[in-house]
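Residue-level structural notes
Residues per chain, in single letters:
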Amino acid sequence: MNTPASPTPPPASSAPVRLLIVDDDPLVRAGLALMLGGDQGIDIIGEGADGAEAEELVERLRPDVVLMDIRMPVMDGLTATERLRRRPDAPEVVVLTTFHADEQVLRAIRAGAAGFVLKDTPPARIVDSVRRVAAGDPVLSPAVTRQLMARAAGGGSGDRGDRTERARRRFGQLAEREQEVAVAVGRGGSNAEIAASLYLSVATVKTHVSRILAKLELNNRVQIALLVHDAGLLDTDGEGGSPLG
């Protein structure tokens, strides 16, 4: 069983993470700004009340990370996430939600969101999530990822069969070592854990992950995990099956 990740302190020489907060509730925005604004590794550069404002603010302020509510008027957070992630200079997006495995969260992940945090998450964990996303790490625990993947597999048997076939074809584009790394990502392993299990350096794992993302035109590690699941390479306990031969 995985132990909770310890907080990720920002490197002493790094610039603060430029954060944009988007939520239609002014009290929620104020609370998030209060809890996040006191961290020396985070610079809150703006706040928005809906997805349309988010687009305008991203264009003007160039944040590193957007903390995005899903249910908002004018333009919802899902549509905004899809639009933002299509930008060539796309910021990372962390979805704010009150649900552990909401269907809209799954759609946001497929659109390229780097993960999600619950609105009742302790402040220190939200701070850590923003830092981790800015550093390129997803903020979905393996257990939550499995919940979302199970929801993704909830369609009819015909849909699942087509999805599995498509995923296996895409997965087959990867070299053997890349397939092994992809399955390990699907299990929820960190770069260090994958490196230890496959007897690789962390730098080599990062290179393989970057190549997987580029070859399969994916946004982040969570999308790799979803593809591995769709290809039928993870069982119900989240352990990896055999990569395709």
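Residue indices begin from 1 for each chain and proceed along its sequence in written order. Since the coordinates come from a predicted model, pLDDT governs what is reported: local features require at least 70, and pairs of side-chain atoms require 80 or more to be given and counted, while whole-chain, interface and lining totals use all residues. Based on all heavy atoms of the structure, the side-chain values leave hydrogens and waters out of the count.

The next subject is the pattern of salt bridges. Between Lys or Arg on one side and Asp or Glu on the other, a salt bridge is scored when a side-chain nitrogen of the former is within 4 Å of a carboxyl oxygen of the latter. Summed over all chains, the structure comprises 14 salt bridges. Note that Glu 165 and Arg 169 form a salt bridge whose closest N and O atoms lie 3.1 Å from each other. Highlighted residues: Glu 165 and Arg 169, both in helix α7 (residues 157-171), separated by four residues, approximately one helical turn. When accessible area is computed with a 1.4 Å probe and restricted to protein chains, residues below 20% of their type maximum are described as buried, those above 50% as exposed, and intermediate ones as partly exposed. Its relative accessible area of 47% is what places Glu 165 among the partly exposed residues. With a shortest N-O distance of 2.8 Å, Lys 215 and Glu 178 are connected by a salt bridge. Taken together, the residues Lys 215 in helix α10 (residues 202-216) and Glu 178 in helix α8 (residues 176-186) connect sequence positions 37 residues apart. By sharing partners, the salt bridges in this structure join Glu 59, Arg 62, Arg 87 and Asp 89 into a single network. Strands here are runs of E lasting at least two residues and helices are runs of H or I lasting at least four, both read from the DSSP assignment and numbered beginning at the N terminus.

Let's shift gears to the pairing of strand β1 (residues 17-22). Side chains on a regular strand alternate between the two faces of the sheet. Of all six residues that make up β1, five are buried, and the element is covered over most of its length. Summarising the sheet, β1 and strand β2 (residues 42-48) pair through six bridges and their orientation is parallel. Looking at β2, one finds that Arg 18 is bridged to Asp 43. Viewed with both strands pointing away, a crossover whose connecting path from the first strand over the helix to the second turns clockwise is right-handed. Regarding topology, helix α1 (residues 26-37) serves as the crossover connection from β1 to the parallel β2, and that connection is right-handed. Strand pairing follows a simple DSSP-based rule, namely that at least 2 bridges must link the two strands.

Right, let's talk about the nonpolar core for a bit. Generally speaking, soluble globular proteins have nonpolar side chains that are buried together. Counting 25 residues, the largest nonpolar core has Val 22, Val 66 and Met 68 as its most contacted members. Of all elements in the fold, only β1, α2 (51-61), β3 (65-69), α3 (77-85), β4 (92-97), α4 (103-111), β5 (115-118) and α11 (221-230) reach the threshold of two or more residues within this core. Residue contributions to this core peak at four residues, all from α2. For this analysis, residues touch if any pair of their heavy atoms sits within 4.5 Å. Once residues within four sequence positions are removed from consideration, Met 68 is found in contact with Val 22, Ala 54, Gly 77, Ala 80, Thr 81, Leu 84, Val 93, Val 94, Val 95 and Leu 96. Membership of the second largest hydrophobic core comes to 23 residues, among which are Val 209, Leu 213, Leu 216 and Leu 234. We call a set of buried Ala, Val, Leu, Ile, Met, Phe, Trp, Tyr and Cys residues a nonpolar core when their side-chain atoms join them within 4.5 Å.

Turning next to the environment of Val 74. Mapped onto the elements of the fold, Val 74 is located in the loop between β3 and α3. Between the C-alpha atom of Val 74 and that of Asp 24, which follows or precedes it by 50 residues, the distance is 10.0 Å. The residues touching Val 74, leaving out its near neighbours within four places in the chain, are Asp 50 and Ala 52.

Two elements in contact, α8 and α11, have axes whose closest approach is 8 Å; the angle formed by their N-to-C orientations is 100°. By the angle between their directions, the pair α8 and α11 is classed as roughly perpendicular. Where α8 approaches α11, its residues Ala 182, Val 183, Val 185 and Gly 186 are matched on the opposing element by Arg 221, Ile 224, Ala 225 and Val 228. Lys, Arg, Asp and Glu make up the charged group, whereas Ala, Val, Leu, Ile, Met, Phe, Trp, Tyr, Cys and Pro make up the nonpolar group; the residues left over, Gly among them, are polar. A per-class count over the contact of α8 with α11 returns six nonpolar, one polar and one charged. For helices, the fitted axis covers only the stretch in contact; all axes are lines through C-alpha atoms, and the angles between them, taken along N-to-C directions, range from 0 to 180 degrees. With respect to orientation, any angle under 35 degrees is reported as roughly parallel, any angle over 145 as roughly antiparallel, any angle of 65 to 115 as roughly perpendicular, and every other angle as oblique.

What follows covers the side chain of Ser 129. Checked against the element boundaries, Ser 129 lands in helix α5 (residues 123-134). A polar atom in the side chain of Ser 129 sits 2.8 Å from the backbone oxygen of Arg 125. For Ser 129, the contacting residues outside a window of four places in its chain are Val 117 and Val 139. Whenever a nitrogen or oxygen atom comes within 3.5 Å of another N or O atom, the pair is scored as a polar contact, on the condition that within protein one atom can donate a hydrogen and the other can accept it, and that pairs from neighbouring residues in sequence are kept only if both atoms are in side chains.

The next subject is the side chain of His 208. Inspection of the secondary structure assignment puts His 208 in helix α10. We classify His 208 as buried; its relative accessible area is 11%. Once residues within four sequence positions are removed from consideration, His 208 is found in contact with Arg 177, Glu 178, Val 181 and Leu 200.

Turning our attention to the pairing of β4. With five of six residues buried, β4 is to be regarded as a mostly interior element. Relative to β4, β3 runs parallel, the two being bridged by five bridges. Bridge pairing links Leu 67 to Val 94 in β4. Read from β3 through α3 to β4, the crossover connection turns out right-handed.

Here Arg 62, not a glycine, exhibits a phi torsion of approximately 55°, which is positive. Of note, Arg 62 is situated in the loop between α2 and β3. Of note, Glu 217 is a non-glycine position whose phi angle comes to about 55°, a positive value. Residue position: Glu 217 is located in the loop between α10 and α11.

It is worth stressing that arrangement in space is one thing and function is another; only the former is reported here.
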